[in-house]
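Read off the chains here:
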Amino acid sequence: MSAGRLPLLMLAFLASASSTSGEITSHLVITPQSPVIQIGTNFTATCVITDTAETTADDLYWNLSQIIIPKNQYTKINESALSVTILVNSEKPEWLYCRSREKSPYISVNKGKFIHGILLTKVYPPDKPTNLTCIATQVKAFIFSNLKCFWETAGYHTKEMSPTTYTLHVEHMIDQVYNVSTKGNSAQVSMGVFPFHLLLDVWVVAHNHLGSKESEHLKKDADWFVKTNPPSGVKVLPDETLPTSLLINWTPPIVKDYFILKYHIRYCLNGSDNWINVPDVDIAEDIQSFRLQNLQPDAVYAIQIRCKNTKKDHGYWSDWSPRVTKETPEDRPTSKPDLWTIIADSEHKNEREVTLICRDPVFSNGRITSFNLEIQTQKENIRNGSMAWDYISVNRSVADSSQSQMVTILKKISLPYQSYMMVHVTAINSVGTSPQASLGIPVKTHERNLVENLKVWPQEGQLFLKWNVTNNTSVTEFIVEWVSGIDIDWQREKRNTRQAALKGNIEKFICYKISVYPIYNGWKGKPATIEAFLEEGAPLEGPSVRLNVKPGRNEAELVWNGIPLHKRQGFITNYTIFYSSGNEIREITVPANITSYVLTSLTGNTKYDTWIRASTIRGSANGTNHSFTTLKYAPGEIEMIVVGVSLSFLFVVLMTMLLCIYKRDMIKKNFWPWIPNPGESTIVNWSPDYPLKPETPKENCLSDISVLDMDVNDDKSVLEEDKTILALKKDKYLSEEHSSGIGGSSCMSSPRQSVSDSDEGGEIADTTASTVQYSSVVASSGYKGQTPCVPPQQVIFSRSESTQPLLDSEENPDIVQEGSRQSQLFPQSPCFTHTAWNQDGASSSKFNQLEMEPQEALLSLDLCPLAEDSVLTTPADRQSAPLSSYMPQLCGYRSQ
């Protein structure tokens, strides 16, 4: 029978057995049942149809984890058997089902009889254990009887479905075997008594459902597996006579009856992890003491010891003994103190402030208690003669000398530019004095600048620098100095060095000022300097802004201080100025070297808020806000307005004064009319019968003619009043002297009575009660052939009283003023105005021009009747009467 038919016959047998027992649960059966499958291989399962004709192999399909397997993985064996092949590539257990399609009502009703499944258990095959090691440890003074072994496992393992089991086997020469099983990588076998000097055979077997694997056998003497305790009672003793050595004593952990031990010793400076191992050839076997040599005096050392079996390749080194520390005795310092200087410009002119500093010698070999300082100074122009040395002792306290690398300030000296100085320093401890360190400071003008092209960059948490030298022959060494704030540190580099890393504690976000000084034959040269950061960051704060002076109307000057170095955390690349009024924010960016700026184009009488942002390559920070309000007026603007108004006012006043001066005659005439002085009138001595010799006026300033218009109220009243008035005038002029009422002058030489004294009717008395002033004008050419009483070129203006009725021009001053203004319009054509009556008795003003020479004066006149017989009773008479019918009364009136 073929091998392929055998599983099918087995399935048929099982189905038949189930049928006879009457317990048919499914018409489908899968073989093999509950298989254990190796991960990474192909697995084949077969589904067989039993006891039914409702379905065939063509109606079957496979389902793995509820996913239908593709038909290309199926294999039809016959009409009642269908197989499937799948690749097992995961560790997770899965169910594989064989199902039938529902092609008949019977299958639909009995679905449970047409499905069958198996659980696929997936495992890895066991791998061979490797690196088997075993150890027997010491307990108290004996070796423990238990042997503990360790091994490594390779490959993959399934811990859930089928974990791998490991069995440790130990066998010695008396054919006694010990074994123990575990699922881990270590196991311990108890042998009752440890078999010293016997050969042991040790191996490990790994096994699971897919098989087993055995490790290599470890066949060693039992002493080979022993690990003792570390030496006990370790003591370290210093020797005052040998300050560079320490004596170590200890006790072996086990008696040498079991085996002889050898030792391993190591030491280091306390606090350091740089251990120094004593060579094995320098340590003998089976010893209990050892002396360490070539140690540093006055140094604390930590010491440890371990041991093992002396047989080659036998046993394990014990653990290290507990660390024991001890300090070596002091000795004289064997290295120079590290002398250096800090030079800065002094407050005094042409001087340098030199600060001498130093560090303790690297090999101080004890606590430095003091320094001996020798200083030699000399001016450049002094070539001969000995130079005096100053000896200074610098004492130090215990606190100052607690750190060997601390900086000690020795002395501060003021050194002139034209002087040089040489300094020698020695360090002293309780044993002796160190070698001498020297440093010279040359004249300032003689400092040699040999270092150039200094560059600095960060790398792997350090600052590296590189430089070049112009002349290498005279350089003996270089001093690399770095300063941050008040902290200073330095290191020495050899003369051939051109690149170095700073060895101090360099921190992030701190600015370091790095300088490289050339030292030539002990004299300090001029350095090359650069600033650098190990790592940059954003500033911790922004600058504080303020106003330099009060703001103007359209501008304001802002000033700010730079951010302190310890808060910059990087190089400032630029400043950004923000200023706002209301919701509008404007900004201006300025370079990092600018610390002031003038804002322009501001609005007057406006409040502004301003702040400044400082930026580095890593970020930025804003400073505090500052508010200010611009002025309503610009500085000097109010003064300019006041000056402008004042100048304008002065200009107006000046122009007014000039106008007043230029127009003084017109102004005086309109506002201050000139009142004639009656005392200077000649009318009192003048009469028609006895002409007087004309008097020369005191002041011949007549430049114009004053014109008066005389009107009569109406013709009728004049006609009725004429007779009465003239009759009265006749009597009065002959009888009494007529008083002028002003200056005592009269128009008649004989006394006459005033009309106001008459006893006639009240109307007439009222009319003539007051004196009326008239003016008369006498020209050189006469009037209508009349001969004036005043000689040519001589005019007299007189004042008099008259009983003539008032003219309209006198009763109405407005008319007079208007007439005056009209006369002013024609200064070259003066007019003489008198009152005339027409044929109808109506009064009218008639203007007659008098042609006069430019030198002739213009006078006002009063007309008064000559005598009783010369009274003109009718208007026609008055109009046709010659001027001589009226007595010109020259009153001496002076025209303006």
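Considerations on the overall build of the protein chain
- A count of helical and extended segments in the protein chain gives ten helices and 53 strands.
- Counting over 896 residues, the protein chain shows a buried share of 40%.
- Of the contacts formed within the protein chain by residues at least 6 apart in sequence, a portion of 66% connects residues at least 24 apart.
- For the protein chain, the computed accessible surface area is about 49,300 Å², with 51% contributed by carbon and sulfur atoms.

Comments concerning the packing of aromatic side chains
- Evaluated as defined, the whole model comprises 19 aromatic pairs.
- Taken together, the aromatic side chains of Phe194, Phe196, Tyr258 and Phe259 make up a single cluster linked through ring pairs.

Quick look at the environment of Val36
- Residue position: Val36 is located in strand β2 (residues 36-38).
- What Val36 contacts, discounting residues up to four positions off in sequence, is Thr121, Val123, His209 and Leu210.

A short note on a nonpolar patch on the surface
- Taken together, Val643, Leu647, Phe649, Leu650, Val653 and Met657 make up a surface patch of nonpolar side chains, about 580 Å² in accessible area.
- Look at Val653 and you get partly exposed, because its relative accessible area is 31%.

Here's the deal with the state of the cysteines
- Evaluated as defined, the whole model comprises two disulfides.
- A sulfur-sulfur distance of 2.1 Å marks the disulfide that ties Cys47 to Cys98. Between Cys47 and Cys98, the S-S dihedral sits near -90 degrees, and the bridge is therefore left-handed. Note that Cys47 is positioned in strand β3 (residues 42-49) and Cys98 in strand β8 (residues 94-100), a separation of 51 residues in sequence. Just as Cys47 is buried, Cys98 falls in that class too.

Digging into the sheet that holds strand β6 (residues 74-78)
- Taken together, the four strands give an open sheet; going across it, the order is β1-β3-β7-β6, and neighbouring strands pair in antiparallel fashion. At either margin of the open sheet sits one strand with a lone partner, and together these are β1 (28-31) and β6. With strand direction ignored, the average angle separating the axes of adjacent strands in the sheet is 25 degrees.
- Bridging between β1 and β3 involves four bridges; their strand directions are antiparallel. Opposite Val29, over in β3, you have Val48 as the bridge partner.

A word on the nonpolar core
- Ranked by internal contacts, the top residues of the largest apolar core, which has 47 residues, are Leu147, Val202, Ile248, Trp250, Ile265 and Leu292.
- In contact with Val202, other than residues within four places in its own chain, are Leu132, Cys134, Leu147, Cys149, Leu168, His169, Val170, Glu216, His217 and Leu218.

Structural notes on the side chain of Thr630
- By secondary structure assignment, the location of Thr630 is in the loop between β49 (626-629) and α4 (637-662).
- Within the local environment of Thr630, its side chain forms a polar contact with the backbone oxygen of Thr603, the two atoms lying 2.6 Å apart.
- A distance of 2.9 Å separates the side chain of Thr630 from the backbone nitrogen of Thr606, its partner in a polar contact.

Observations regarding the pattern of salt bridges
- Going through the model one piece at a time under the given rule, you end up with 17 salt bridges.
- The residue Glu535 makes a salt bridge to Lys508 at a minimum N-O spacing of 3.4 Å. Note that Glu535 is positioned in the loop between β41 (528-533) and β42 (545-547) and Lys508 in the loop between β38 (499-501) and β39 (511-520), a separation of 27 residues in sequence.
- Owing to a relative accessible area of 34%, Glu535 belongs among the partly exposed residues under this scheme.

Examining the sheet that holds strand β20 (residues 232-239)
- The strand order across the open sheet formed by three strands is β20-β21-β24, and the pairing between neighbours is antiparallel. Single-partner strands in this sheet number two, and they are β20 and β24 (289-292). Put simply, the sheet's adjacent strands are angled 20 degrees from each other on average, direction ignored.
- Sheet topology note: the β20/strand β21 (residues 242-251) ladder contains six bridges and is antiparallel. From the neighbouring strand, Asp239 faces β21, where its bridge partner is Leu242.

Here we look at the confidence of the model for the protein chain
- Residue-level pLDDT values for the protein chain average 76, and 70% of them are 70 or greater.
- The low-confidence segment residues 1-24, where pLDDT is below 50, has 17 contacts with residues more than four positions distant or belonging to other chains.
- Overall, residues 695-784 carries pLDDT values under 50, and its contacts beyond four positions in sequence, including any with other chains, amount to 215 contacts.

What about the side chain of Asp338?
- On the secondary structure map, Asp338 appears in strand β27 (residues 338-345).
- With relative accessibility at 14%, the residue Asp338 sits in the buried group.
- In this structure the side chain of Asp338 is engaged in a polar contact, spanning 2.8 Å, whose partner is the side chain of Arg492.
- Discounting residues that sit within four places of it in the chain, Asp338 has contacts with Ile357, Cys358, Arg359, Trp490 and Arg492.

Things to note about the environment of Leu602
- Summarising the element assignment, Leu602 is placed in the loop between β46 (596-599) and β47 (607-616).
- Put simply, Leu602 and Asn554 are 48 residues apart on the chain and 4.3 Å apart in space, counted from C-alpha to C-alpha.
- If we ignore the near neighbours within four places in the chain, the residues touching Leu602 are Arg553, Asn554, Glu555, Ala556, Tyr579, Tyr608, Phe628 and Thr630.

Details of unusual backbone geometry
- The amide bond that connects Thr31 to the next residue, Pro32, takes the cis arrangement and shows omega of 5 degrees.
- Mapped onto the elements of the fold, Pro32 is located in the loop between β1 and β2.
- Positive phi values are uncommon outside glycine, yet Phe509 reaches one of about 65 degrees.
- Here Phe509 lies in the loop between β38 and β39.
- For Asn605, which is not a glycine, the phi torsion comes out positive at approximately 55 degrees.
- One can find Asn605 in the loop between β46 and β47.

Structural notes on the environment of Val300
- Looking at the element boundaries, Val300 is found in strand β25 (residues 300-309).
- Classification of Val300 as partly exposed rests on a relative accessible area of 31%.
- Each C-alpha atom, one on Val300 and one on Gly271, is 9.0 Å from the other, the two residues being 29 residues apart in sequence.
- Not counting residues within four places of it along the chain, the set of residues in contact with Val300 comprises Cys268, Leu269, Asn270, Thr325, Lys326 and Glu327.

About the cut-offs
Residues numbered from 1 in each chain as written. Predicted model: local features only at pLDDT ≥ 70, side-chain atom pairs only at ≥ 80, totals over all residues. Heavy atoms only, no water. Helix = DSSP H or I, 4+ residues; strand = E, 2+ residues; numbered from the N terminus. Buried < 20%, exposed > 50% of the residue type's maximum accessible area, 1.4 Å probe, protein only. Contact = heavy atoms within 4.5 Å. Areas by Shrake-Rupley, 256 points an atom, 1.4 Å probe, with all protein chains shown as cover. Phe/Tyr/Trp six-rings, centres within 6.5 Å; stacked < 30°, edge-to-face > 60°. Patch = residues over 30% accessible without salt bridge, like charges linked within 9 Å, V, L, I, M, F, W, Y side chains within 5 Å. Salt bridge = Lys/Arg side-chain N within 4 Å of Asp/Glu carboxyl O. Disulfide = S-S within 2.5 Å. Pairing = 2+ DSSP bridges. Axes fitted to C-alpha atoms, helices over the stretch in contact; angles between N-to-C directions. Core = buried A, V, L, I, M, F, W, Y, C linked by side-chain atoms within 4.5 Å. Polar contact = N/O pair within 3.5 Å; in protein donor to acceptor, adjacent residues only side chain to side chain. pLDDT = per-residue confidence, 0-100.

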